[in-house]
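The lines below spell out each chain.
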Amino acid sequence: HAEDGIRDCLRGLVGSEMCIRDRRFIMSLRATGEGHISSIVFRSGILGRHNRLRFDPISDFVETPELQLDAVYKRNPFRRKLKEMGAGDEIAAHILDQLSEDFTYKDLIEKIGRLREKPLFQEDYQHRAFEIMCWLAKSNYEVSFHTDHRISERVIFPVSKNESRGIEDARFVQFFNDDGEVVYYATYTAYNGITILPQLIETKDFITFNVLTLNGKAVQNKGMALFPRKIGGRYAMLSRQDGENNHIMFSDNIHFWQKSHIIQEPEYPWEFIQIGNCGSPLETNEGWIVLTHGVGPMRKYCIGAILLDLENPTKMIARLDAPLLAPHEREREGYVPNVVYSCGALIHNNELVIPYAMSDINSGIAMVAVKELLSCMRSVA
């Protein structure tokens, strides 16, 4: 249903154990307002002993967070990202060569101001270079909310120019570092009306969120989803570089991704047009369960599932031949018709709990026993 003119499409959910039978969760949603500009909102609640959901009361208000641009930027990574964006020209080099390895936004603006006052290059090219450099700097920022407000009041609105037309498809995951520390990451798609840019959100408490640019040749297209832990000492992430196949990539640095490998190609009509992931992989003794989305004729979006090898997730060992979820009659009509879609799920009490959006107008929860799901998969090893 629509609430105060904002359509909340259930996208993903992360949780932590309260006791053996109950689990508290935070759910992220894509809220679309006037002009089809998307933001990230949250709901919280408890998954009970029989996987019944009880949502916490929501507020009638939203909170505007405090915004802080990154205090310090690293010159070499900044230079590398400008080159990836096609802006690593002599103008950018001239500015960056005057900055120290650690510089502030104020330092950057000061150097730009000097070159603007005494141009050394064609002024139109200078102006374009200045725009891109400032655009990149403002893409890395932090937002903080008040601790005494409900999580339903926290809204991550578009801030930087690269997300001026929306923040889409945030895939949150509870990530465990090697030392056992828990941090929550989310990849999302920043959209400025013309181009997209994959970004990363980092938070430990869902109060302060650090937003960072992802870098590297493999940072392309939409639909990146981080594994919940390192594999073989490296970060691992699902991706969709070409818009047609499911990829996987690995990195020693969570901010830089250079190479990817195809792990799944379209095989059936319901996924011939496009496939991708529906959130971070879920670990089981049998392997990594990955929910996928497939786009078929009439732009129909369905949700499928594959199983990746636990130690070598570049290897798909099983898959569903038919969709796990497909839009039925009541789910076909909406803001974006004929679509069921998710950006995250979790396993609780041996069941896979899948929040999903119905044509971007309503939200639903689907559940299936993990054992039953795995038994329906066809081995491809």
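Keep in mind that this is a model prediction, so the values were computed, not measured. The written sequence of each chain sets the order in which its residues are numbered from 1. Note on the predicted model: pLDDT of at least 70 is required for a residue's local features to be given, and 80 or more for side-chain atom pairs to be given and counted; whole-chain, interface and lining totals, by contrast, use all residues. With hydrogens and water stripped out, all remaining heavy atoms of the structure feed into the side-chain values.

### Some details on the overall build of the chain
Keep this limit in mind: Numbered from the N terminus, helices here are DSSP runs of H or I no shorter than four residues, and strands are runs of E no shorter than two. Computation of the radius of gyration draws on C-alpha atoms alone. For the globule rule, the value is 2.2 Å times the number of residues to the power 0.38. Relative accessibility under 20% of the residue-type maximum defines a buried residue, over 50% an exposed one, and the middle range a partly exposed one, all with a 1.4 Å probe and only protein chains included. By definition in these notes, contact holds between two residues if any of their heavy atoms fall within 4.5 Å. Each accessible area is a Shrake-Rupley result for a 1.4 Å probe, and residues are judged covered by the shown protein chains and nothing else. The charged-residue count follows a simple rule in which Lys and Arg add positive charge and Asp and Glu add negative charge, with His and chain termini not counted at all. Charged side chains are reduced to one point each, which is NZ for Lys, CZ for Arg, CG for Asp and CD for Glu.
Helix and strand content of the chain: five helices and 27 strands. Taken against the 2.2 N^0.38 rule, which gives 21 Å for 381 residues, the C-alpha radius of gyration of the chain at 21 Å falls within 12% of a compact globule. On the principal axes, the C-alpha backbone points of the chain span a range of 70 × 50 × 45 Å. In the chain, which comprises 381 residues, the share counted as buried stands at 52%. Intrachain contacts of the chain at a sequence separation of at least 6 include 55% that bridge at least 24 residues. Within the structure as shown, the chain displays about 17800 Å² of accessible surface, and the carbon and sulfur contribution to it stands at 50%. Each charge class in the chain can be summarised by its mean position, and for the 44 positive and 51 negative side chains these summaries are 2 Å apart.

### Points about the packing of aromatic side chains
This is how it is decided: Each Phe, Tyr or Trp ring, with Trp reduced to its six-membered ring, pairs with another whose centre is within 6.5 Å; inter-plane angles below 30 degrees give stacked pairs, above 60 give edge-to-face pairs, and intermediate values give tilted ones.
Counted according to the given criterion, the structure contains 15 aromatic pairs. Residues Tyr-73 and Phe-78 carry aromatic rings whose centres are separated by 6.0 Å and whose planes lie at 70° to one another, so their mutual orientation is edge-to-face. No difference in accessibility class separates Tyr-73 from Phe-78, as the two residues are buried. For the pair Phe-227 and Trp-288, a centre-to-centre distance of 5.1 Å together with 80° between the ring planes defines the contact as edge-to-face. Highlighted residues: Phe-227 in the loop between β14 (225-226) and β15 (235-239) and Trp-288 in strand β20 (residues 287-295), separated in sequence by 61 residues. Here Phe-227 matches Trp-288 in class, with each residue buried. In textbook terms, an aromatic cluster arises when at least three aromatic residues are bridged by ring pairs, as seen for Phe-42, Phe-145, Phe-172, Tyr-184, Phe-206 and Phe-209.

### Comments concerning the sheet that holds β15
Convention followed: Strands are treated as partners if at least two bridges between them are detected by DSSP.
Taken together, the four strands give an open sheet; going across it, the order is β14-β15-β16-β17, and neighbouring strands pair in antiparallel fashion. Here the strands that pair on one side only, and so sit at the sheet edges, are β14 and β17 (261-264). As defined by bridge partners, β15 adjoins strand β16 (residues 246-251) across five bridges and the pair is classed as antiparallel. In the sheet register, Leu-238 faces β16, and the bridge partner there is Ile-248.

### With respect to the sheet that holds strand β6 (residues 66-69)
Basically, it comes down to this: Lines are fitted to the C-alpha atoms to define the axes, a helix being fitted only along its stretch in contact, and any angle between axes, read from their N-to-C directions, falls within 0 to 180 degrees.
On the basis of which strands lie adjacent, the open sheet formed by six strands has the order β6-β9-β13-β12-β11-β10 and antiparallel pairing. Either end of the sheet is taken by a strand with one partner, and the two such strands are β6 and β10 (167-176). Across the sheet, the mean angle from the axis of one strand to that of its neighbour is 20°, orientation sign disregarded. In this sheet, strand β13 (residues 208-213) lies alongside strand β9 (residues 141-144) in antiparallel orientation, the contact comprising four bridges. Bridged to Val-143 within β13 is Phe-209.

### Looking at the environment of Tyr-141
As a reminder of what qualifies: For this analysis, a polar contact is any N or O atom pair within 3.5 Å, provided that within protein one partner can donate a hydrogen and the other can accept it, and provided that sequence-adjacent residues contribute only side-chain to side-chain pairs.
By secondary structure assignment, the location of Tyr-141 is in strand β9. You can call Tyr-141 buried: its relative accessible area is 0%. Distance from Tyr-141 to Asn-285, taken between C-alpha atoms, is 38 Å for residues 144 residues apart in sequence. There is a polar contact of 2.5 Å between the side chain of Tyr-141 and the side chain of Glu-163.

### As for unusual backbone geometry
We note that Asn-51 has phi near 60°; this positive angle belongs to a residue other than glycine. Examined against the element boundaries, Asn-51 turns out to sit in the loop between β4 (38-47) and β5 (53-55). If you check the backbone angles, Phe-206 has positive phi at about 60° while not being a glycine.

### Here's the deal with helix α4 (residues 123-137)
The test is simple: What a helix is expected to span follows from its residue count: subtract one and scale by 1.5 Å.
If you check α4, its first and last C-alpha atoms are 21 Å apart, about what 15 residues at 1.5 Å a residue would give, namely 21 Å. Listed as buried for α4 are Gln-126, Ala-129, Phe-130, Ile-132, Met-133, Cys-134, Trp-135, Leu-136 and Ala-137. Residues of α4 that are buried in the fold lie against β7 (73-74), α1 (75-84), α2 (90-96), α3 (105-117), β12 (196-203) and β13. Its side-chain oxygen at 2.9 Å from the backbone nitrogen of Asp-124, Gln-122 defines the N-terminal cap of α4.

### Let's talk about the pattern of salt bridges
So the rule is basically this: Here a salt bridge means any side-chain nitrogen of Lys or Arg lying within 4 Å of a carboxyl oxygen belonging to Asp or Glu.
For the structure on display, the rule yields 15 salt bridges. For Asp-102, the salt bridge identified is with Lys-74, shortest N-O distance 2.8 Å. Of this pair, Asp-102 sits in strand β8 (residues 102-103) while Lys-74 sits in strand β7, and the two are 28 residues apart along the sequence. With relative accessibility at 37%, the residue Asp-102 sits in the partly exposed group. The partner of Arg-319 in a salt bridge is Glu-267, with the nearest N and O atoms 3.3 Å apart. With Arg-319 in strand β22 (residues 316-319) and Glu-267 in the loop between β17 and β18 (274-277), this pair connects stretches of sequence that are 52 residues apart. Assessed through its relative accessible area of 1%, Arg-319 is described here as buried. Judged by its relative accessible area of 38%, Glu-267 falls in the partly exposed class. In this structure, a network of salt bridges that share partners links the residues Glu-267, Glu-271, Arg-319, Asp-321 and Arg-378.

### Section: the packing of α3 against α4
The description of two helices packed together rests on the angle between their axes and the distance between the axes. Test applied: The cut-offs work like this: below 35 degrees is roughly parallel, past 145 is roughly antiparallel, 65 to 115 is roughly perpendicular, and the gaps in between are oblique. Charged residues are taken to be Asp, Glu, Lys and Arg, nonpolar residues to be Ala, Val, Leu, Ile, Met, Phe, Trp, Tyr, Cys and Pro, and polar residues to be all remaining types, Gly included.
As a packed pair, α3 and α4 sit with axes 11 Å apart at the nearest point and diverge in direction by 175°. On the basis of their axis angle, the class for α3 and α4 is roughly antiparallel. Contacts between α3 and α4 pair Tyr-105, Leu-108, Ile-109, Ile-112, Leu-115 and Arg-116 from the former with Gln-126, Phe-130, Met-133, Cys-134 and Ala-137 from the latter. The class makeup of the residues in the contact of α3 with α4 is nine nonpolar, one polar and one charged.

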